[in-house]
Amino acid sequence: MRALKDPDAAHKLLADAQDQAEEALTELRHVVRGIHPPILTDRGLVGAVRALAAGSGLEVSVRDDGVEDGPRAPAAVEAAAYFVIAEALTNAAKHSGARQASVGLVRMPDRLRVSVRDEGRGGADPSGGSGLLGMRRRVAALDGTVEMTSPVGGPTLIEVELPCVW
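What this report covers is the structure whose coordinates are included nearby. Keep in mind it's a predicted model, so treat the numbers as computed, not measured.

Attention shifts here to the overall build of the protein chain. Of the regular secondary structure elements, the protein chain holds five helices and five strands. For the protein chain, the succession of helices and strands along the chain, N to C, is α-α-α-β-α-β-β-α-β-β. Within the span of the protein chain, comprising 166 residues, buried residues form 37% of the whole. In the protein chain, once contacts between residues fewer than 6 apart in sequence are set aside, the share between residues at least 24 apart is 67%. Counting every atom, the protein chain has about 9900 Å² of accessible surface; 54% of that belongs to carbon and sulfur.

Now the structure itself:
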C-alpha cells in the first residue's frame, strides 16, 4: 500500500480530495440557489426584486401592481421573473451607462407582466451575449414571451409576460 509507504503523499491526496469535495458542494449550492433563490421564499417576488434593486448599483424604482395581493405566483414563475430582472439590471449597470432604471410587476388574470427599463445609451443586441439568451430560454420554457427594444441613444426596455395561475 502506497499510503503506508508514503504517509505524507497520502495526507496530501486526502487534503486534495477534501478540497475538491468542498468545491463540488459549493458549486451544487450555487446551482440550487440558481433554480430558486432563497430570498424568493423568504420575501416573495416583490421583496426579492426590491433587494435586487437596492444592490444593483443603480437608482431603481420598483412598481408593484397587485402582485402582492392574493396568492403568490408559482415558484417557477417567480424564479423566471426574478432572473429576468436580475439579468436586466446587471446588464444595465455594466453596459448601458445608465444611472437609473425602473422595474414594473403587474398581476394580470392569467399572467405576470415584468418590465425593466433603463435610461442608458441603448443599442443592446438581443442576439448577443449569454445573459439575454439565457433570459429568453428561461421565459420560453414557461411558454412566456420576451420583447426588447433598445434603440441607439436609449432607453432599453425589456418586457416579459409569463403565463400564471394565481
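The rest of the description comes next.
In strand S5 (residues 156–163), alternate side chains face the same way, and those of Thr156, Ile158, Val160 and Leu162 are buried while those of Leu157, Glu159, Glu161 and Pro163 on the opposite face are not. When strand S3 (residues 111–118) meets S5, the two strands line up antiparallel, connected through eight bridges. For Asp118, the partnering residue across the bridge sits in S5 and is Thr156. Counting the residues that bridge the hairpin from strand S4 (residues 145–149) to S5 gives six residues, and of these Gly153 lies at a positive phi of roughly 100 degrees.

Here we take up the side chain of Glu78. In this structure, Glu78 sits in helix H4 (residues 75–96). On the accessibility criterion, Glu78 (3% relative accessible area) is buried. For Glu78, the side chain forms a polar contact with the side chain of Arg72, separated by 2.6 Å. In this view, Glu78 contacts His36, Leu40, Leu45, Arg72 and Ala73; residues no more than four positions away in its chain are not counted.

Take the pairing of strand S2 (residues 100–108) next. Where strand S1 (residues 59–65) meets S2, seven bridges bridge the pair, whose relative direction is parallel. For Glu59, the partnering residue across the bridge sits in S2 and is Gln100. Tracing the backbone out of S1, into H4 and back to the parallel element S2 gives a crossover that is left-handed. Note: S2 against S3, eight bridges, orientation antiparallel. Its bridge partner being in S3, Met108 is matched across the sheet by Arg111. In textbook terms, the turn of a hairpin is the stretch between consecutive antiparallel strands, and for S2 and S3 this stretch comprises two residues.

A cis geometry characterises the amide bond from Gly154 onward to Pro155, with omega recorded as -5 degrees. Relative to the assigned elements, Pro155 resides in the loop between S4 and S5. The phi torsion at Asp143 lies on the positive side, around 65 degrees, for a residue other than glycine. Locating Asp143 in the fold gives a position in the loop between helix H5 (130–140) and S4.

Under the criterion given, the structure shown has six salt bridges. Arg72 serves as the salt-bridge partner of Glu78, at 2.6 Å between the closest nitrogen and oxygen. Among the residues examined, Arg72 registers a relative accessible area of 43% and is labelled partly exposed. Measuring nitrogen to oxygen at the nearest pair gives 2.8 Å for the salt bridge that ties Arg113 to Glu161.

Okay, the environment of Val62 next. With respect to the helices and strands, the residue Val62 is situated in strand S1. In this structure the C-alpha to C-alpha distance between Val62 and Val46, which are 16 residues apart in sequence, comes to 8.2 Å. Not counting residues within four places of it along the chain, the set of residues in contact with Val62 comprises Val49, Arg50, Ala53 and Val103.

Scoring rules and cut-offs
All chains use their own residue numbering, which begins from 1 and follows the written sequence. Where totals are concerned, whole chains, interfaces and linings use all residues; where local detail is concerned, this predicted model gives features only for residues with pLDDT of at least 70, and gives and counts side-chain atom pairs only at 80 or more. Hydrogens are left out, water is left out, and the side-chain values use all remaining heavy atoms of the structure. The way it works is that DSSP assigns letters per residue, a run of H or I at least four long becomes a helix, a run of E at least two long becomes a strand, and they are numbered from the N terminus. Buried means the residue's accessible area, taken with a 1.4 Å probe over protein chains only, is under 20% of the maximum for its type, while exposed means over 50%, and partly exposed covers the values in between. The criterion used for residue contact is that any of the two residues' heavy atoms lie within 4.5 Å. Here the Shrake-Rupley method, with its probe set to 1.4 Å, supplies the accessible areas, and only the displayed protein chains count as covering residues. A pair of strands is considered paired only if DSSP assigns at least 2 bridges between the two. Here a polar contact is recorded for every N or O atom pair within 3.5 Å, except that within protein the pair must consist of a potential hydrogen donor and a potential acceptor, and residues adjacent in sequence are included only if both atoms are side-chain atoms. Handedness of a crossover: with both strands directed away from the viewer, a clockwise path from the first strand across the helix to the second marks it as right-handed. Any carboxyl oxygen of Asp or Glu within 4 Å of a side-chain nitrogen of Lys or Arg constitutes a salt bridge here.

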